[in-house]
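Residues per chain are reported as follows:
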Amino acid sequence: MIADATPPPLPQTLDAATRRMRLPYLRKAAPEVLATARAQRWDPAEVLQTLLDEEIAGRDAATRQARRRQAALPAGKTFETWRETDSTIPPGTQSGLATLEWITRAENLAISGPSGTGKTHFVEALAHKAIDNDMRVAWFTLETLTSQITRAGADGTTAKTVARITRADLIVIDDIGMLPAGQQAAEAFYRVVEAAYEKRSIAVSSNIHPSGFDAIMPKTLATAAVDRLLHHAHVIITEGSSLRLAEATNGKGVKPLD
């Protein structure tokens, strides 16, 4: 691209045409692309290809941004801040799950272990990567999932709500077991697991192994849900003490006040 002068704006008719055709990223890039094309005597096909590439890239980025908002991921934790060597998840398992091939096969992921051992960070990093790879993600805690499906039950839209949730390629239910779960939570959990079974991937994180979910929710529903969840699942158990507590103890928590 030329950088020694501001390129002239698009002719009014061309600007109007790109607006009418809803090509905002092409329109934004066009003045500089056209100026460069004139200076470097590009082939017309190269100009067209470059402009279309700008539009495609812009649309793809906007789609990923929208999917990130819709997913309601909790903290923005990605693999850029993930410390592989601090995790007790085997490195081969980490890299294998990061390929996301398990999502394309509609397999599930269940991570259990003590609080602060990186369960949520790892799952959220996978979720961000899934969005970057043009997949849809839906993120819940068991409480938010229960609330959404309970509201749907009140207005008779439970089936529609579950169908909308399971349109996501990856459905995450985080921190199961942190709070008591009753009949409504068990029903919500079962409905989503049953609807996604062998069609979509579910990732759950918990301080309790899934085989113990019947200790926090009604046994019949817990057993039926866990049976489906674990049928095609990668089961991981994290170990060790809390990484958050270790950071705070080592002075990496909040900054001291002046």
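Undergrad: Quick question: what am I supposed to make of the packing of helix 4 (residues 91–98) against helix 6 (residues 119–132) here?
TA: Helix-helix packing: each pair is described by the crossing angle between the helix axes and the interaxial distance. Two elements in contact, helix 4 and helix 6, have axes whose closest approach is 10 Å; the angle formed by their N-to-C orientations is 30°. The angle between helix 4 and helix 6 falls in the class roughly parallel. Between helix 4, through Gln94, Leu97 and Ala98, and helix 6, the contact on the second element is made entirely by Phe122, Leu126 and Lys129. Of the residues assigned to the contact of helix 4 with helix 6, the class counts are four nonpolar, one polar and one charged.

Undergrad: Would you take a moment to explain the packing of aromatic side chains for this structure?
TA: One pair of aromatic rings is described through two measures. These are the centre distance and the angle between the planes. Tallied over the entire structure, the rule returns three aromatic pairs. Taking 5.9 Å as the distance between ring centres and 75° as the angle between the ring planes, the aromatic pair formed by Phe79 and Phe122 counts as edge-to-face. Here Phe122 lies in helix 6 and Phe79 lies in the loop between helix 3 (44–71) and helix 4, a separation of 43 residues in the sequence. Judged by its relative accessible area of 26%, Phe79 is partly exposed. Both rings, one in Trp82 and one in Phe122, keep their centres 5.2 Å apart while their planes meet at 45°; by these two values the pair is tilted. Pair noted here: Trp82 is in the loop between helix 3 and helix 4 and Phe122 is in helix 6, with a separation of 40 residues, a long-range link. Accessibility classification places Trp82 together with Phe122 in one group, the buried group. Three or more aromatic residues link up through ring pairs in this structure, and these residues are Phe79, Trp82 and Phe122.

Undergrad: I tried to follow the sheet that holds strand 4 (residues 201–206) on my own but got confused; where do I start?
TA: Backbone hydrogen bonds hold the strands of a sheet together, and the pairing may be parallel or antiparallel. Pairing in this open sheet of five strands is parallel, and the strands run 2-3-4-1-5 from one edge to the other. The open sheet has two edge strands with one neighbour each: strand 2 (137–141) and strand 5 (233–237). Mean inter-strand twist for the sheet, computed between neighbouring axes without regard to direction, equals 10°. The pairing of strand 1 (residues 108–112) with strand 4 spans four bridges and is parallel. Its bridge partner lying in strand 4, Ala110 is registered against Val204. Against the sheet, helix 6 touches strand 1, strand 2, strand 3 (170–176) and strand 4, its axis set at about 160° to strand 2.

Undergrad: Would you mind going over the pattern of salt bridges with me for this structure?
TA: Where charged atoms from two side chains of opposite charge come close, those side chains can pair. For the structure shown, the criterion picks out eight salt bridges. A salt bridge links Arg105 to Glu101; the nearest nitrogen and oxygen atoms lie 3.7 Å apart. Take Glu101: its relative accessible area is 45%, and that puts it in the partly exposed class. Through salt bridges with shared partners, a single network forms among Asp15, Arg19 and Arg27.

Undergrad: I tried to follow the environment of Pro31 on my own but got confused; where do I start?
TA: Relative to the elements of secondary structure, Pro31 occurs in helix 2 (residues 24–40). Taking the C-alpha atoms as reference, Pro31 lies 37 Å from Leu73; in sequence the two are 42 residues apart. Discounting residues that sit within four places of it in the chain, Pro31 has contacts with Pro7, Pro8 and Leu10.

About the thresholds
- Residues numbered from 1 in each chain as written.
- Predicted model: local features only at pLDDT ≥ 70, side-chain atom pairs only at ≥ 80, totals over all residues.
- Heavy atoms only, no water.
- Axes fitted to C-alpha atoms, helices over the stretch in contact; angles between N-to-C directions.
- Helix = DSSP H or I, 4+ residues; strand = E, 2+ residues; numbered from the N terminus.
- Parallel < 35°, antiparallel > 145°, perpendicular 65-115°, else oblique.
- Contact = heavy atoms within 4.5 Å.
- Nonpolar A, V, L, I, M, F, W, Y, C, P; charged D, E, K, R; others polar.
- Phe/Tyr/Trp six-rings, centres within 6.5 Å; stacked < 30°, edge-to-face > 60°.
- Buried < 20%, exposed > 50% of the residue type's maximum accessible area, 1.4 Å probe, protein only.
- Pairing = 2+ DSSP bridges.
- Salt bridge = Lys/Arg side-chain N within 4 Å of Asp/Glu carboxyl O.

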